[in-house]
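# Summary of structural features
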Amino acid sequence: MDTEPMESRPAVDDDALAREALSVLDANWTGRATMPAPGLYPHQWSWDSAFVAIGLARSHPSRAMAELRGALAGQWRDGMVPHMIFRTAEAYFPGPAVWRSQDHEDAPADLPTSGLTAPPLHALAAWWIWRHHGDRAVGFVREAYPRLAAHHDYLAATRDLGGSGLAAIVHPWESGMEDSPAWDRPLAALPGAPPNGAGPAGYTDHFVWLATRYRDSGYRPEYLGQEHPFAVEDPMFNGMWLAACEALAELAPVAGADSRPHAERAARIRRALLDRLWDGGFHARDLRTGRLLRLATVGGFGPLLDPGMPGDRVEDMVRTLSSARFMGASGYPVPSCDVRAEQFDRARYWRGPSWINMNWLLCRACAVHGLWDLAEGLAADTLRLVRQAGFRECYDPFDGSGRGCRDFSWSAALTLDLLADGGVLDGGAGRCR
Ligand code: GLC
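Per-chain numbering applies: the sequence of each chain, read as written, is numbered from 1 onward. Under the rules for a predicted model, residues below a pLDDT of 70 receive no local features and side-chain atom pairs below 80 are neither given nor counted, while totals for whole chains, interfaces and linings still include all residues. As a rule here, side-chain values cover all heavy atoms of the structure and leave hydrogens and water aside.

Further remarks concern the overall build of the chain. Secondary structure assignment for the chain yields 14 helices and eight strands. Projected onto the principal axes, the alpha-carbon positions of the chain cover approximately 55 × 50 × 50 Å. Counting across all 433 residues of the chain, residues that qualify as buried make up 62%. Between two residues, a contact is recorded if the distance between any of their heavy atoms is within 4.5 Å. Partitioning the intrachain contacts of the chain with sequence separation of at least 6 by distance along the chain shows that 70% fall at a separation of at least 24. Surface accessibility follows the Shrake-Rupley procedure with a 1.4 Å probe radius. Residue values consider only the protein chains on display as shielding. Summed over its atoms, the accessible surface of the chain is roughly 15400 Å², and 49% of this surface lies on carbon and sulfur atoms. Once the 43 positive and 54 negative side-chain charges of the chain are each reduced to a mean point, those two points are 3 Å apart. Under the DSSP-based scheme used, a helix requires at least four consecutive residues in state H or I and a strand at least two consecutive residues in state E, with every element numbered from the N terminus. Relative accessibility under 20% of the residue-type maximum defines a buried residue, over 50% an exposed one, and the middle range a partly exposed one, all with a 1.4 Å probe and only protein chains included. Neither His nor the chain ends is counted toward charge; the positive residues are Lys and Arg and the negative residues Asp and Glu. Charge placement uses NZ in Lys and CZ in Arg. For Asp and Glu, CG and CD serve respectively.

A few words now on the site of the ligand. Close contacts around the ligand come from Pro36, Tyr41, Trp45, Trp47, Asp48, Gly176, Glu178, Trp350, Phe408 and Trp410, and that covers them all. Separating an oxygen atom of the ligand from a side-chain N or O atom of Trp47 is a distance of 3.0 Å. A total of 310 Å² of accessible area belongs to the ligand in isolation, and the protein chains cover 96% of it. Any residue that is not Ala, Val, Leu, Ile, Met, Phe, Trp, Tyr, Cys, Pro, Asp, Glu, Lys or Arg is counted as polar, Gly included; the first ten are nonpolar and the last four charged. Here the residues of the shell around the ligand sort into seven nonpolar, one polar and two charged. We call a residue near a given molecule or strand whenever any one of its heavy atoms falls within 4 Å of it. In the analysis that follows, any N or O atom pair within 3.5 Å is treated as a polar contact, provided that within protein one partner can donate a hydrogen and the other can accept it, and provided that, for residues neighboring in sequence, both atoms belong to side chains.

Moving on, we come to the packing of helix H12 (residues 356-368) against helix H13 (residues 372-389). Across the interface, H12 lies against H13 with an axial gap of 8 Å and an inter-helix angle of 160°. On the basis of their axis angle, the class for H12 and H13 is roughly antiparallel. Both H12 and H13 take part in a crossing whose hand is left-handed. Counting all contacts with H12, which are made through Ile356, Asn359, Leu362, Cys363, Cys366 and Ala367, the residues of H13 involved are Trp372, Leu374, Ala375, Leu378, Ala379, Thr382, Leu385 and Val386. The class makeup of the residues in the contact of H12 with H13 is 12 nonpolar, two polar and no charged. Working convention: axes come from line fits to C-alpha atoms, limited for helices to the stretch in contact. Angles between N-to-C directions cover 0 to 180 degrees. Orientation categories follow fixed angle ranges, with anything under 35 degrees roughly parallel, anything over 145 roughly antiparallel, 65 to 115 roughly perpendicular, and all other angles oblique. For any helix crossing, the convention is left-handed if the near helix is rotated counterclockwise from the far helix by under a right angle, and right-handed if that rotation is clockwise.

By the element assignment, Arg136 lies in the loop between helix H5 (122-133) and helix H6 (138-158). The class of Arg136 is exposed, set by a relative accessible area of 65%. Sequence spacing of Arg136 and Thr212 is 76 residues, and the spatial spacing of their C-alpha atoms is 43 Å.

Relative to the assigned elements, Ser164 resides in the loop between H6 and strand E3 (168-169). Ser164 gets classed as buried once you look at its relative accessible area, which sits at 16%. Among all residues touching Ser164, those that are not within four sequence positions of it are Glu233, Arg268, Ala272 and Arg276.

Let us now look at helix H3 (residues 61-73). The end-to-end C-alpha distance of H3, which contains 13 residues, comes to 18 Å, matching closely the 18 Å that a straight helix rising 1.5 Å per residue would cover. All buried positions along H3 are accounted for by Pro61, Arg63, Ala64, Met65, Glu67, Leu68, Gly70, Ala71 and Leu72. By this rule the span expected of a helix is its residue count minus one, scaled by 1.5 Å.

What follows deals with the sheet that holds strand E6 (residues 292-293). If you trace the four strands from one edge of the open sheet to the other, you get E3-E4-E5-E6, paired in antiparallel fashion. Pairing within the sheet leaves two strands with one partner each, and these edge strands are E3 and E6. Pairing geometry for E3 and strand E4 (residues 232-233), over two bridges, is antiparallel. If you follow Ile169 over to E4, its bridge partner there is Val232. Seen against the sheet, helix H10 (residues 260-277) touches E4, strand E5 (284-286) and E6 and runs at an angle of roughly 70° to E5. Two strands pair under a simple rule: DSSP has to find at least two bridges between them.

Only centres within 6.5 Å qualify two rings of Phe, Tyr or Trp (six-membered ring in Trp) as a pair; their planes then separate them into stacked at under 30 degrees, edge-to-face at over 60, and tilted for everything else. Going through the model one piece at a time under the given rule, you end up with 21 aromatic pairs. When the ring of Phe408 is compared with that of Trp410, the centres are 4.9 Å apart and the planes differ by 70°; the resulting orientation is edge-to-face. When sorted by exposure, Phe408 lands in the same class as Trp410, which is buried. Feature note: the residues Tyr41, Trp45, Trp47, Phe51, Tyr92, Tyr349, Trp350, Trp355, Phe408 and Trp410 constitute an aromatic cluster, connected by ring pairs.

Moving on, we come to H6. The end-to-end C-alpha separation of H6 is 30 Å, in line with the 30 Å expected for 21 residues at 1.5 Å each. When the local axis directions of H6 are compared, the greatest deviation, roughly 40°, occurs at Ala144, which is followed within four positions by the proline Pro146. Residues of H6 that are buried: Val138, Phe140, Val141, Ala144, Tyr145, Leu148, Ala149, His151, His152, Tyr154, Leu155 and Thr158. Given a residue, its bend is the angle between the two axes fitted to the seven residues that end at it and to the seven that start from it.

The next thing to look at is the side chain of Asp338. Turning to its location among the elements, Asp338 is positioned in the loop between helix H11 (311-322) and H12. A polar contact of 2.9 Å, which involves the side chain of Asp338, links it to the backbone nitrogen of Arg340. Ignoring sequence-local partners within four residues, the contact set of Asp338 consists of Ala296, Arg325, Phe326 and Phe344.

Right, let's get into the pattern of salt bridges. Any carboxyl oxygen of Asp or Glu that lies within 4 Å of a side-chain nitrogen of Lys or Arg is treated as forming a salt bridge with it. Going through the model one piece at a time under the given rule, you end up with 23 salt bridges. Between Asp381 and Arg384 there is a salt bridge; the shortest N-O distance is 3.2 Å. Taken together, the positions of Asp381 and Arg384, both in helix H13 and three residues apart, correspond to about one turn of that helix. For Asp381, a relative accessible area of 23% gives the class partly exposed. The exposure class of Arg384 is partly exposed, given its relative accessible area of 31%.

Another aspect to go through is the environment of Glu342. Inspection of the secondary structure assignment puts Glu342 in the loop between H11 and H12. Given a relative accessible area of 81%, Glu342 falls into the exposed group. Considered as a pair, Glu342 and Ser323 are 19 residues apart in the sequence and their alpha carbons are 17 Å apart.

Spelled out as structure tokens, the structure:
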């Protein structure tokens, strides 16, 4: 990862920061979607688009709707929303030649995509747009609802590999946090995988091996008649899905549909999170061994997004989040891994650095539970990060210096939301509050 000493930028006021954020998003617009960053990420990534839509929802609703529409346009016939859509002619590895989506009968014929999915945040993003625009967003909600519902049905039908109501990820890329140390053990134990080295584009060979094996199975849940070599129940993925189910329960009547299946699904996910992933904190479960992956990472706070989480669990999570293992340890929240863990590395993606999307989600989670001081502190510290170091991909949690690429879309977009009057701290009406 590109690292460098602390930058100091001239002081910028809120209006100038918002203008800078918008110009990054304009420069990264491909005409149909916003690429995460020029050069490094020149296509559309699904959960990045959900964050971009959230960030633009208040000030640029048409563009926010277009962004989500773009992400949902890649949806496969079985409901799967792919983690990437290839939008430009720019080379990227692994590209369409690796995924071969267009050879698959369920994939869109005219739009090459990956064959993996991404954290299911899209319904929450659609809800965010609707919440801010009400009647003016009704047409959009009606249009998006069937795709959002089909996406959730896909997860329930094909990814509930543990049979409890949680969705399993079958590749670290599906978590959006592929370098998280939480995946080290399942990756080290991959049955039959080649020895690991740094593959093309710096990806580990295991990532590419897993992706091509899944492709060769026809991207089917049965997976060539065997178990998935990597199958993990992730608390962040499922915490987001739960929040997205709550959001869909509110959007359903707007689209003339029934809320109940979404509310029931949310309740089932909550029960399963508590029964299967809680052990003093939320941890991912490796379905191959049946064991919890007991390492505290930022992913463990995903269930805090759920308004229905029991109060004692909320208190436990907030205690850990505020402790010297996470926010209390570093000046620039939120470290992506417990700073006391052996695996913590302040410089490596998802193994230590702070990310704006995680800060935004945790701010939102605190607002959902009325934890205003924590939410306000997180929002203020996040803005301090971007003021000092710009819209970087992630940040050193100790000195706030920027890491990874520049002009990163979700950092810019979510800054707009944090700057907006009330922003994420304005919980809004309804159960999703
Ligand atoms: C990196 C991040 C992932 C993101 C992608 C595009 O791979 O880990 O979360 O979606 O870049 O920004």
